[in-house]
Structures are given as C-alpha cells and as structure tokens.
Amino acid sequence: MSYNEIATRPNKTIYRDGDVCYKVFAADYVKSDIFNEALNQTRVEETGLFIPKVHEVKKLDDGRLAIVMDYVEGKSLAALIQENPSKKGEYLKRFIDIQLAMHKLTAPELNKQRDKFSRKIELSGLDATTRYELHARLDSMPKHKKLCHGDFNPTNVIITSDDRACIIDWSHATIGNASADTARTYLLFKLAGDDKTAEDYMTLFCKKADTARQYVDQWLPVVAASQMVKGKPQEREMLANWVNVCQYE
C-alpha cells in the first residue's frame, strides 16, 4: 500500500489515507474476527459515543482484509502522559472519567461479556478444578448490561485538538459488568510493569465510581484466566498468580 503507516500491532497495521484510515489485517487473520470487530464498532457507533465511524470492510489487491474508518486527528493519552509526566495524575483522572461515561451506555446487540469469559476460561489451559472454580465465580457475579471496552488503556484514547476524547479499538467490546472492565484495565497496567499506575488507577476509579475495591478484586481471577488465551509466555506466571487469588476466599 502507498498510504502513510501510522501504527503497527501484532497481525495488523494501520494506514492513513486523508480523512480515513485502513486497519489492515495479516493474511492469516481469522476472517470472522475481522467482521466481528467491524460489527462491534458499528454497534458502538449507535450509542452516540465519539469513536471512529466504520465505512466498510474492504479486500485489498493483495488479498488482505481491511476495516476502513474515519481518521481521528489527535494524540493518545499514553503519548500525552509520556510528553507531560507532571500531568500524569490529571490525565489519569480524565482517563477514568472517560471510562465511567462509557460504562453508562449500553449496546444490547453486542456479545455478552459473561459468554466471552466463559469461553476463554475453557481455552485457558488451566486444570479442570481451577476452571470449575472460575466458572462458579463468574456465575455468581452480578449480571449487568453496560458497555465494556475490553482493552481500555491509555493508548486507546485519542484526545483531539479541540479536547474531545475518542475511544478506538473495539475488537473486544461486550456488554456486561463494568467492574470486570475495570479489573482488566488494572491488570493491563500490572502486565506492563506499571504497578504504581495500576494502584493509583484502581484507588481513584473505586472512589469516583463509589465501588468497593473488594468487589472489583473478585473479577481479577476471571480476567486473568481470559488473558491466558493470548498465550504470551512472559505473562503466564503473573497471570497464574492472579488466578490463584481465588484459592479461594
């Protein structure tokens, strides 16, 4: 492609072409996952949340598939934090406010978070006893229908020149329990080795949401088990420790 490359992630590359961008997937990427991501994003569009609007799923000349969507000009919160470390606390507060506003919405046609977690527990590679305990915990948690991103971290929030917040990358979106989404964000900070930000985030989120830390913590074993499906050897030991948090209150 002759377009400007703006980001590269495992198995996908994002290019800009004027007012649109192309999220181009590797040739062996699962086709249904690409269409599911595009469908997720269009369903989230319907909530009125500021996100890039999808135009089409396009087959490129080389046979790869791409999701074509609006290009949103701006900087990620991750970049802003790196550029302005003295404002990290301020940015973290905004990051949480954006997440809380998202959690007030619902998109009933999205897949259910509970179903996704259940599938991933089965694919986690954990022994049958641990899987049984994880399923029991998941089944016992309150059933909600809030819009959950599933990968909410500062790289996925773009701040525009007019100070609007645009949330990107909706491949993991579901409807479900907001505290599970919060537990996943906390875990992502921990996996990145940023323990202080993880704890600051969790403390501030629980305060702003008026949610008990103990309640969010109950989701951590389930969320950690679902992350194991990614198969990253460097993460597995840490994730196993989180799963074993449920040995068992």
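Every residue gets a number counted from 1 within its own chain, in the order that chain's sequence is written. Given that this is a predicted model, residues contribute local features only at a pLDDT of at least 70 and side-chain atom pairs are listed and counted only at 80 or more, while totals for whole chains, interfaces and linings are drawn from all residues. Hydrogens and water are ignored here; the side-chain numbers use all heavy atoms of the structure.

### Some details on helix α5 (residues 128-140)
In step 1: Numbered from the N terminus, helices here are DSSP runs of H or I no shorter than four residues, and strands are runs of E no shorter than two. Multiply 1.5 Å by the residue count of a helix minus one, and that product is the helix's expected span. Here α5 contains 13 residues, and its C-alpha end-to-end distance of 18 Å stays within 8% of the 18 Å for a straight helix at 1.5 Å per residue.
In step 2: The classification of residues rests on relative accessible area computed with a 1.4 Å probe and restricted to protein chains. Under 20% of the type maximum is buried, over 50% is exposed, and intermediate values are partly exposed. The set of residues buried in α5 consists of T130, L134, H135, R137 and L138. The arc that holds every buried residue of α5, seen down its axis, measures 160°, which confines them to one face. The exposed residues of α5 that point more than 90 degrees off its buried face are A128, T129, Y132, D139 and S140.
In step 3: Any two residues whose heavy atoms approach within 4.5 Å are treated as being in contact. Buried residues belonging to α5 abut α4 (113-122), α8 (213-217), α9 (220-227) and α10 (233-243).
In step 4: Residue D127 occupies the N-cap position of α5, its side-chain oxygen lying 3.1 Å from the main-chain nitrogen of T129. Throughout, the arc means that of the directions going from the helix axis to the C-beta atoms. In protein, a polar contact means a hydrogen-donor-capable atom and an acceptor-capable atom, both N or O and within 3.5 Å, with residues adjacent in sequence counting only if both atoms are side-chain atoms; elsewhere, any N or O pair within 3.5 Å suffices.

### Here's the deal with the packing of α4 against α5
In step 1: All axes are obtained by fitting lines to C-alpha atoms, using only the stretch in contact for helices, and the reported angles, taken between N-to-C directions, cover 0 to 180 degrees. Two elements in contact, α4 and α5, have axes separated by 10 Å at closest approach and are oriented at 175°. The angle between α4 and α5 falls in the class roughly antiparallel. In contact with R114, F117, S118, I121 and E122 of α4, α5 contributes R131, L134, H135, L138 and D139.
In step 2: For the contact of α4 with α5, the residue count by class is four nonpolar, two polar and four charged. Any angle that is under 35 degrees is reported as roughly parallel, and any over 145 degrees as roughly antiparallel; angles of 65 to 115 degrees are reported as roughly perpendicular and all others as oblique. Each residue gets one of three labels, nonpolar for Ala, Val, Leu, Ile, Met, Phe, Trp, Tyr, Cys and Pro, charged for Asp, Glu, Lys and Arg, and polar for the others, Gly among them.

### Section: the sheet that holds strand β9 (residues 165-167)
In step 1: Paired strands, as defined in this entry, are two strands with at least two bridges between them according to DSSP. Spatial ordering of the open sheet is given by β6-β8-β9, a layout of three strands whose pairing is antiparallel. Pairing within the sheet leaves two strands with one partner each, and these edge strands are β6 (75-76) and β9.
In step 2: Summarising the sheet, strand β8 (residues 157-159) and β9 pair through three bridges and their orientation is antiparallel. The residue of β9 that forms the bridge with I158 is C166.

### Brief notes about unusual backbone geometry
In step 1: You will see that N11, though not glycine, has its phi angle at about 70°, which is positive.
In step 2: Within the secondary structure, N11 is located in the loop between β1 (4-9) and β2 (12-17).
In step 3: Not every positive phi belongs to a glycine, and D210 is a case in point at roughly 55°.
In step 4: Positionally, D210 belongs in the loop between α7 (195-209) and α8.
In step 5: On the basis of relative accessibility, which here comes to 71%, the residue D210 falls in the exposed class.

### Quick look at the pattern of salt bridges
In step 1: Salt bridge, as applied in this entry: a Lys or Arg side-chain nitrogen positioned within 4 Å of an Asp or Glu carboxyl oxygen. Per the stated rule, a full pass over the model turns up 15 salt bridges.
In step 2: Linking E83 and K75 is a salt bridge whose minimum nitrogen-to-oxygen distance equals 3.0 Å.

### Section: the environment of T13
In step 1: In this fold, T13 is placed in strand β2.
In step 2: Distance in space between the C-alpha atoms of T13 and A66 is 9.3 Å, their sequence separation being 53 residues.
In step 3: Apart from residues no more than four positions distant in its own chain, T13 is found in contact with E5, A7, T8, Y22, K23 and V24.

### Re helix α1 (residues 31-45)
In step 1: Along its 15 residues, α1 runs 22 Å from first to last C-alpha, staying within 8% of the 21 Å computed at 1.5 Å per residue.
In step 2: Of the residues making up α1, those classed as buried are I34, E37, A38, N40, Q41 and V44. One side of α1 holds all its buried residues, which, seen down the axis, span an arc of 155°.

### Observations concerning the packing of aromatic side chains
In step 1: Note on aromatic contacts: the rings of Phe and Tyr and the six-membered ring of Trp form a pair at centre separations within 6.5 Å, being stacked when their planes are under 30 degrees apart, edge-to-face when over 60 apart, and tilted otherwise. If you walk through the whole model with that rule in mind, you get eight aromatic pairs.
In step 2: Judged by centre distance (5.9 Å) and plane angle (40°), the rings of Y201 and F205 are tilted. Of the two residues, Y201 and F205 both sit in helix α7, four residues apart, roughly one turn of that helix. There is no split in this pair, since Y201 and F205 are both buried.
In step 3: Joined through ring pairs, the aromatic side chains of F95, F152, F189, Y201 and F205 make up one cluster.
In step 4: The ring of F50 has R164 sitting right over it, with the charged end atom 3.9 Å from the ring centre. Over a ring means this: the NZ of a Lys or the CZ of an Arg is within 6 Å of the ring centre and within 35 degrees of the ring normal.

Treat this as a map of the structure, not an account of what it does.
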